[in-house]
Amino acid sequence: AQKVTQAQTEISVVEKEDVTLDCVYETRDTTYYLFWYKQPPSGELVFLIRRNSFDEQNEISGRYSWNFQKSTSSFNFTITASQVVDSAVYFCALSISNAGNNRKLIWGLGTSLAVNP
Amino acid sequence: EPEVTQTPSHQVTQMGQEVILRCVPISNHLYFYWYRQILGQKVEFLVSFYNNEISEKSEIFDDQFSVERPDGSNFTLKIRSTKLEDSAMYFCASRQGFNTEAFFGQGTRLTVV
């Protein structure tokens, strides 16, 4: 199966708390890419990060960090010192190759994060 | 900064009518996609397009759907005879290369009444 599981449907935190959004994936591809996108209330999809399957280095970008563990097929996303503006739905996605020598994204159900003042 | 542009942002149409959703991908991108998101649900792949042809389509993308890149800049999704269940947010996306990230437009919210 090729799928992405985001087990947390909704998370609610108070501003300045750290929060981790979980993502577990399944794929039969040996080369694949993992993504996180943010969907604020306005509805657009904002690219956050891309990670390829050969690069297990964790990444930090400001208050955002990502932990890629191939052994557990997980690609978790942590927001440190959360802010109200972080309130959004966050999607984890898996890019797999398709029959037409192209790639498509398989999406998780999303985690709705509410950061309260 | 280059971006994917979609028009209109919101379209209301009567059941059975044809709609065309328009997208202008980023200019040097080669791979184009349509995804949709029914309200409150996950994003679903509809179709991918490369080298002037469809490279893959999902089960959702039946004979009522078609895509075109008529003039080298626009990328359109046509729904020939809309159904109530076609109501969703439709996202266009484009990628520069095979292994690069996809950039999404702001979406078109289609409401079929």
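Shown above is the structure to which this text applies.
Keep in mind the model is a prediction, meaning the values are calculated, not measured.

(A) The arrangement of the overall build of chain B in detail. Along the backbone of chain B there are zero helices and eleven strands. Each helix and strand of chain B, ordered N terminal to C terminal, gives the series β-β-β-β-β-β-β-β-β-β-β. For 113 residues, the compact-globule estimate of 2.2 N^0.38 gives 13 Å, and the C-alpha radius of gyration of chain B, at 13 Å, lies within 12% of that figure. The C-alpha extent of chain B, read off along each of the three principal axes, is 40 × 25 × 25 Å. Relative to all contacts within chain B whose residues are 6 or more apart in sequence, the contacts with residues 24 or more apart total 53%.

(B) Quick peek at the state of the cysteines. A full pass over the atoms with the stated rule returns two disulfides over all chains. In this model C23 of chain A forms its disulfide with C92 of chain A; the gap between the sulfur atoms is 1.9 Å. The sign of the -65° torsion about the S-S bond sets the C23 of chain A-C92 of chain A disulfide as left-handed. You can see C23 of chain A sitting in the loop between β3 (19–21) and β4 (24–26) and its partner C92 of chain A sitting in strand β10 (residues 88–97), a full 69 residues away along the chain. In this structure C23 of chain A comes out as buried when scored by relative accessible area, which is 0%. Overall, the relative accessible area of 0% leaves C92 of chain A in the buried class. Two residues share a disulfide in this structure: C23 of chain B and C92 of chain B, whose sulfurs sit 1.9 Å from each other. As the torsion about the S-S bond is roughly -65°, the C23 of chain B-C92 of chain B disulfide counts as left-handed. Here C23 of chain B, found in strand β3 (residues 19–24), pairs with C92 of chain B, found in strand β9 (residues 88–95); they are 69 residues apart in sequence, far enough to count as distant. Among the residues examined, C92 of chain B registers a relative accessible area of 0% and is labelled buried.

(C) Geometry of empty space enclosed by the protein. Evaluated as defined, the whole model comprises one cavity of 30 Å³ or more. If you add up the space inside the largest cavity, you get close to 60 Å³. Around the largest cavity, the lining residues are F35, Y37, S95, R103, K104 and L105 of chain A together with Y33, Y35, R95, T100 and A102 of chain B. Element by element, the count of residues in the lining of the largest cavity is highest for strand β11 (residues 103–107) of chain A, at three residues. Looking at the lining of the largest cavity residue by residue, the class counts come to six nonpolar, two polar and three charged.

(D) How the structure looks around the sheet that holds strand β8 (residues 75–79) of chain B. All names here are of chain B. Taken in spatial order, the four strands line up as β1-β3-β8-β7 in an open sheet, and their pairing is antiparallel. With one partner strand each, in any of the chains shown, β1 (5–7) and β7 (65–68) form the two edges of the open sheet. In this sheet, adjacent strand axes meet at a mean angle of 20° when their direction is disregarded. Judged from the five bridges that link them, β3 and β8 form a sheet pairing that is antiparallel. Following the sheet pairing, C23 is matched in β8 by F75.

(E) Highlighting the nonpolar core. If you look at the biggest cluster of nonpolar residues, it comprises 25 residues, and the most contacted ones within it are W36, F77, Y90 and L113 of chain A. Within the residue set of this core, elements represented by two or more residues are β2 (10–14), β3, β5 (33–39), β8 (64–69), β9 (74–79), β10 and β12 (111–116) of chain A. The element that contributes the greatest number of residues to this core is β10 of chain A, accounting for five residues. Excluding residues that lie within four positions of it along the chain, L113 of chain A makes contacts with I11, V13, V19, I79, D86, S87, A88 and Y90 of chain A. L21, C23, W34 and F49 of chain B belong to the second largest nonpolar core, which has 21 residues in total.

Cut-offs used in this document
- Residues numbered from 1 in each chain as written.
- Chains lettered and ligands numbered in written order.
- Predicted model: local features only at pLDDT ≥ 70, side-chain atom pairs only at ≥ 80, totals over all residues.
- Heavy atoms only, no water.
- Helix = DSSP H or I, 4+ residues; strand = E, 2+ residues; numbered from the N terminus.
- Rg over C-alpha atoms; globule rule 2.2 N^0.38 Å.
- Contact = heavy atoms within 4.5 Å.
- Disulfide = S-S within 2.5 Å.
- Buried < 20%, exposed > 50% of the residue type's maximum accessible area, 1.4 Å probe, protein only.
- 1 Å grid on protein atoms, 1.4 Å probe; cavity = no way out; pocket = protein on both sides within 12 Å on 5 of 7 lines; lining within 4 Å.
- Points joined across faces, edges and corners; volume = space filled by probe spheres on them.
- Nonpolar A, V, L, I, M, F, W, Y, C, P; charged D, E, K, R; others polar.
- Pairing = 2+ DSSP bridges.
- Axes fitted to C-alpha atoms, helices over the stretch in contact; angles between N-to-C directions.
- Core = buried A, V, L, I, M, F, W, Y, C linked by side-chain atoms within 4.5 Å.

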